[in-house]
Amino acid sequence: MSQRNTQVTNQPTPATDDCPLPEVLALIGGKWSAQVLVELGEGPRRFTQLERAITGISRRMLTVSLRDLERNGLVTRTVYPDSPPRVEYATTSLIEDIREPLEALTNWARLAAPAITAARRAYDSSADSPR
């Protein structure tokens, strides 16, 4: 039987409580957020342009992702007084520092996807046999 550290304390742990990294990773690492940010890195986009560019995203999830990114200051929403009103989304200056790493991670994910799929299949097929 293995034991894990199950001690519960009410004291904050400075190493983790002061570090915003988990919160930021949750924000930009969501299933759709990173893709929205990468697409907006190409320039301002309208909702339907984003919807067409991001394969598999539903209107609801795109709305939720855009609102969350806007709330956290990573995306702006601009309404133009045209008839009918035109709305554009764009990244803010906050995203500039992570744009290149985010695009590099996206490219890596595309290139590594076949190898990751193969590794999962190999692992799953070996899981059926005793170890």
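Source: prediction; values computed, not measured. (Residues numbered from 1 in each chain as written. Predicted model: local features only at pLDDT ≥ 70, side-chain atom pairs only at ≥ 80, totals over all residues. Heavy atoms only, no water.)

**Student:** So what's going on with the pattern of salt bridges? Which residues, and what values?
**Tutor:** Tallied over the entire structure, the rule returns five salt bridges. Residue Arg86 is joined to Glu88 by a salt bridge in which the shortest nitrogen-to-oxygen separation is 3.1 Å. Classification of Arg86 by relative accessible area gives partly exposed; the value is 23%. Salt bridges sharing common partners tie together Asp82, Arg86 and Glu88. (Salt bridge = Lys/Arg side-chain N within 4 Å of Asp/Glu carboxyl O. Buried < 20%, exposed > 50% of the residue type's maximum accessible area, 1.4 Å probe, protein only.)

**Student:** Could you give an account of a nonpolar patch on the surface, naming the residues involved and the relevant values?
**Tutor:** A cluster of nonpolar side chains, namely Leu105, Trp108 and Ile116, defines an oily patch on the protein surface of about 310 Å² accessible area. With respect to the helices and strands, the residue Ile116 is situated in helix H6 (residues 96-127). (Patch = residues over 30% accessible without salt bridge, like charges linked within 9 Å, V, L, I, M, F, W, Y side chains within 5 Å. Areas by Shrake-Rupley, 256 points an atom, 1.4 Å probe, with all protein chains shown as cover. Helix = DSSP H or I, 4+ residues; strand = E, 2+ residues; numbered from the N terminus.)

**Student:** Summarise the confidence of the model for the protein; cite the residues concerned and give the values.
**Tutor:** Confidence in the prediction of the protein, expressed as mean pLDDT, is 84, and 84% of residues score 70 or more. Here residues 1-15 scores under 50 on pLDDT; set against residues more than four positions off or in separate chains, the count is two contacts. (pLDDT = per-residue confidence, 0-100. Contact = heavy atoms within 4.5 Å.)

**Student:** How would you explain the sheet that holds strand S1 (residues 45-46) if you had to name every residue and give the values?
**Tutor:** The three strands are arranged S1-S3-S2 in an open sheet whose pairing can be described as antiparallel. Whereas interior strands pair on both sides, the edge strands pair on one side only; in this sheet they are S1 and strand S2 (75-80). The pairing of S1 with strand S3 (residues 86-91) spans two bridges and is antiparallel. Counted as the bridge partner of Arg46 is Glu88 from S3. (Pairing = 2+ DSSP bridges.)

**Student:** Before we move on, can you summarise the side chain of Thr106 with the specific residues and values?
**Tutor:** Assignment of secondary structure puts Thr106 in helix H6. For Thr106, a relative accessible area of 18% puts it in the buried group. Among the polar contacts made by the side chain of Thr106, one reaches the main-chain carbonyl oxygen of Leu102 at a distance of 2.9 Å. (Polar contact = N/O pair within 3.5 Å; in protein donor to acceptor, adjacent residues only side chain to side chain.)

**Student:** Which residues make up the packing of aromatic side chains, and what values do they have?
**Tutor:** This structure, assessed with the given rule, holds zero aromatic pairs. Here the basic side chain of Arg86 rests over the ring of Tyr80, its NZ or CZ set 4.0 Å away from the ring centre. (Phe/Tyr/Trp six-rings, centres within 6.5 Å; stacked < 30°, edge-to-face > 60°. Lys NZ or Arg CZ within 6 Å of the ring centre and 35° of its normal.)

**Student:** Help me get a handle on helix H5 (residues 59-71), residues and values and all.
**Tutor:** Over its 13 residues, H5 extends 18 Å from the first C-alpha to the last, a length consistent with the 18 Å expected when each residue adds 1.5 Å. Taken from the residues just after H5, Gly73 is the one with a positive phi, measuring 80°. (Expected span 1.5 Å × (residues − 1).)

**Student:** An account of the nonpolar core is needed here, citing residue identities and associated values.
**Tutor:** Counting 21 residues, the largest nonpolar core has Leu37, Leu66 and Tyr89 as the members making the most contacts within it. If you list the elements that add at least two residues to this core, you get helix H2 (21-28), helix H3 (33-40), helix H4 (47-53), H5 and S3. For this core, the element with the most residues is H3, which contributes five residues. Ignoring any residue separated from it by four or fewer positions in sequence, one finds Tyr89 in contact with Leu40, Pro44, Arg45, Phe47, Leu50, Leu66, Val75, Thr76 and Arg77. (Core = buried A, V, L, I, M, F, W, Y, C linked by side-chain atoms within 4.5 Å.)

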